[in-house]
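# What the coordinates show
The residues making up each chain are set out below.
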Amino acid sequence: MEDQTHSFGYWLRRRRKSLDLTQEALAQRVCCSGFTIRKIEADERRPSRRLAERLAASLAIPEMERRDFLDAARALHATSHLQLDRAPVGTGARAAAPAAPILPLPDSAIGAASDTTPFVGRSNEYGLLIGLIARLTAGAGYTVLIEGEPGIGKSRLLREVTRYAHAQDLPTLATNCYEIERAMPYQPVIGLVTRALDRVSDAALRAMSPVSLAELAALVPEVGERIPDLPQLSKDFPEARQARLSRAVDQLLEASRGGRPAVFMVDDIQWADDASAQVLHYLARHAAQRAVLVIYAYRDEAVDSDERFAQLVEGLRRDTDARRVPLARLDYADTESLVAALADANLGIPGLAERLHRETEGNPFFLMSILQSLSDGETQLESASSAPGLLPDALRAAVRVRLAHVPKAIRPLLETAAVLGRRFDFDTLLDVTREPETPLLDAVEAFVKRRLLREEPEGGVYDFSHDKLREVLYRDIGGARRRLLHQSVAEALERRGEDATHERDAELAEHYERAHVWSKALHYLVLAGEHSQTLFAMRDALHWLDRAVALFEAHPESLDARQRLAIYEQRGAARAQAGQTQGAVADMRRVIDVLRAGGERAKTRDALIQLGMAYRRADQYEAATACLTEALTESRAMNDERHAADTLYHLGTVAWSTGQNDQAIGFHQQAVDICERTGFTDLVAVQAYHGRGEAHFANAEPAAAIACYTRSLALARGIGDKSYESENLMMIGHACIGTRGLGDYPRATASFEAALDIARSADLQWHFGPTLLGLDHARACTGRYGEAWTGMQKTLHWLESLSQVRYQLIACDCIGHLLLDLGLNELAIEHLERGLTLGRDTGILFWRAAIDTHLAVARSRLGKKLSTRALQTTLEQTCRTSERYMTVRCLDGLAEIALTAGDASRCRVYGDELLAIAEPNGLRELEAVARRWRGEAMLMEEEYREAQAELSRAAALAQDIGRVRLQMDVQAALARLLAAQGQRDAAQCHDAKMHAIAKGIEKSLEYSGLEARLRMN
């Protein structure tokens, strides 16, 4: 009979025998049990990717065939692509028999176990879910939240839906959350990603963004193995990294369904870590846009007891329009059906269904536990219905009755499994127990027959039939024995080199802490915290680091003083990154005091810089300045110019952020001088020139700013720093915008677009906000108002989702500026006051002068009485602190307010002051604005010839620059001027130009939502 080569197990057996290897010898080579090899060769189990890779190496699979081998091992395609030896050694009768095809197994952790009990009492809920699957063909998706008490049947319902989806050949990805993994970042996400990777070809992966793949590779290294040479991830802020990862997971899951309707399921999401919860929320939020059914199941009791989880559920219901499906207990009819199907006819207990329904109150798991005990003879009942007390009246009692009948000889094996966790694999249990393989396998199969465990389709992986079983079993283990078991498990995990993953660090931390092996527990707690930090799962990182601190404070002998200090320092940095300033300061102060007492000057200096930056991130600038100043003094005392330049840069940014640009100029110039003198060309020099450019820009010196940005840009490119490359291009764009720079809109647009290209390719989300706002501001200034309005609104919403307050303030100001251009003054006030309130509530005064100025202009246009004293004070303050980019805003606003009030003299004074700044610094648009106000004031004072000269010059500049609204205003002023002089034809010509520009502005607003408001206005 002809060989059938589509079975991977059959192919593996022939390859092994052709190399003259026994199953045990191959198992030893690849670090697994002989049981695992037998399961794989019998086509009862798929190897993990890591095991498949070790098999490929041990079986000497040629490099050109390795991809086909790995795909076949994971059941992505048949083994017809693989070459068999013509004469394998020692093939017996079984090898010659045709092998059954190996089919792809369900991509599901939920649908893994077989169910022998009838599926009752859920016809309505099951029908709803099947109906939603049928409606996926219309292209829209749905999110469903299944909730209920423990044991109510949530997981069973998901398994039935999984079976239905597989019968319909629908892509289905499912995973579980486990309580022990609650502080391990992204564990359920890793489960979904791993299953999705089995469905996605390398070609489909390559079609994804390289940065998205790099984010996924940080979670699942297999991605990097399949697609090498991925870009290095940027050190972005946590919210942006998490948003980027959510998007990457969504893209992968979308690729996994291949354009077909799909079902994604996660069970027990009450145990999802915070980072995973954000990803799950993202997936649900986007489900409606595609043919995907997202199902999340959870215990309803968690909504009442866990505020964090309650917020997640509320967010899912609010933001995704999720359907809530609460599972009720079984009614009497369903209980009766279940008892009739399962109860042993020999029981002969009158009214059994009624008694069970009364005792269990319809909880399916309680019911099944008691029925199992009765059927197995573990519980004896009298026939009298008046003796309900003989039945366990609570789950714990029912479970204990079942466990009491487990043979004593194998009970310790089940206890060891309970210590391993809800889900475990045979190889690990074998390693921990050190039992002979065959007796252990017999014991595990006995547990499966007693329905205490379920075996997953892959084989060799087991799951407790319900977590309450494991919980009762675990809690009933004596304290001393439990500690020894945890230590055995931890030591076994350490021995298994193939599982040396970051997730293993978290497991080892848990097991060693419960084993009271404090030094080992601390080692792995810190490693788990470090890994969470690299994934920007800051809450999880702090969970591990807080536990580490609490542990060594309770057991100080477990670490020496230096090790304890290092953990405080690490937690301080994590707290600062997470925005927990008070805690960060406490940790860093402790570190600084110890280092200073020990005379470690360099480390003290470094810790002071860290502390200063923590204060800066929290907008506590006075404290930041104090720390950084002390660090600078120490650097100078040590003649450490590199650290001095670095600290000067940070001092400059703090000064600039507090409106003290005069001080920022000094700090940044000193940093540049050091770099010039020493020839630094590394990151210190990049940021020094960039900071000096920012100081020039804030002082309304755009040409000098651009020169510094250009130098920083070249240095950034020299060291491959994409972040500063993008940021320098962005700032060149801002320095070219006319409202605060050169008035070169084509160059501004080109710079912003180049910055965005880099930011998108490297996914530098920190830069997106100010770059997009700058690009849309340039569009508005050049007459593309509708496009700009839509873009600004979208960017503002995105910034709000990331809680980026500074950029939200800039967005409110840009939107206010656009609305003032359109004459929508009331709407402008609404957005500007929103920004003002945000700044006041957060204590961030950044950009306050610009917002105050625009608010005053809008109110004056509406005829509201206002005092310009506050603006005048702001004007004087910005002059003193060299913040002339705010000075010119104030002068522009004060000039308009004075003109509106009929005070031509004051308008002219402000116009003169504005011109005095604009002309020598190449601020062409602001020069045009200054000449416009001077011309308007002269017109009011009937100095027609001088007015015409100023307004004509303003018109020429506005035309050359392309500033549309300014062109319209100047044309209107020229029309009034010529009409006042009796030059009707010339006046009408300018009036026609003004109306043509106005019509173009109105046309640009089509479909933006603003056109109706403009007509009403």
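Small disclaimer: the values here were computed from a predicted structure and weren't measured.

With that settled, the discussion passes to the sheet that holds strand β8 (residues 461-464). Spatial ordering of the open sheet is given by β6-β8-β7, a layout of three strands whose pairing is antiparallel. Sheet topology places β6 (423-425) and β7 (453-455) at the edges, where each strand pairs with a single neighbour. Neighbouring strand axes in the sheet, compared pairwise and without regard to direction, differ in orientation by 30° on average. Strand direction decides the pairing type here: β6 and β8, joined by three bridges, are antiparallel. If you follow Phe424 over to β8, its bridge partner there is Tyr462.

With that settled, the discussion passes to the pairing of strand β3 (residues 262-267). Across the six residues that make up β3, a large majority, six, are buried. Summarising the sheet, strand β2 (residues 172-176) and β3 pair through five bridges and their orientation is parallel. By the bridge assignment for β3, Asn176 is matched with Asp267. Across five bridges, the pairing between β3 and strand β4 (residues 292-299) is parallel. Note on β4: the bridge partner recorded for Ala262 is Val292. The β-α-β motif built from β3, the intervening helix α14 (residues 274-287) and the parallel element β4 has right-handed crossover chirality.

The next thing to look at is the UniProt feature "coiled-coil region" (unreviewed entry) in the protein. The sites that carry the UniProt feature "coiled-coil region" (unreviewed entry) are, in the present numbering, residues 923-957. In residues 923-957, helix accounts for 89% and strand for 0%; the two terminal C-alpha atoms are 11 Å from one another.

With that settled, consider the nonpolar core. If you look at the biggest cluster of nonpolar residues, it comprises 213 residues, and the most contacted ones within it are Leu414, Phe447, Phe464, Leu818, Leu819 and Leu1010. Judged by nonpolar contacts, the second largest core, of 50 residues, contains Leu252, Ala272, Ala287 and Tyr298.

A word on unusual backbone geometry. Its identity is not glycine, yet Ala60 carries a phi of approximately 55°, on the positive side. On the secondary structure map, Ala60 appears in the loop between α4 (49-58) and α5 (63-73). One non-glycine residue, Asp229, adopts positive backbone phi at about 60°. Among the structural elements, Asp229 can be located in the loop between α12 (222-226) and α13 (238-256). A relative accessible area of 80% places Asp229 in the exposed class.

About the cut-offs
- Residues numbered from 1 in each chain as written.
- Predicted model: local features only at pLDDT ≥ 70, side-chain atom pairs only at ≥ 80, totals over all residues.
- Heavy atoms only, no water.
- Pairing = 2+ DSSP bridges.
- Helix = DSSP H or I, 4+ residues; strand = E, 2+ residues; numbered from the N terminus.
- Axes fitted to C-alpha atoms, helices over the stretch in contact; angles between N-to-C directions.
- Buried < 20%, exposed > 50% of the residue type's maximum accessible area, 1.4 Å probe, protein only.
- Right-handed = clockwise from strand over helix to strand, strands pointing away.
- UniProt positions renumbered as here; feature names shortened; annotations may be inferred.
- Core = buried A, V, L, I, M, F, W, Y, C linked by side-chain atoms within 4.5 Å.

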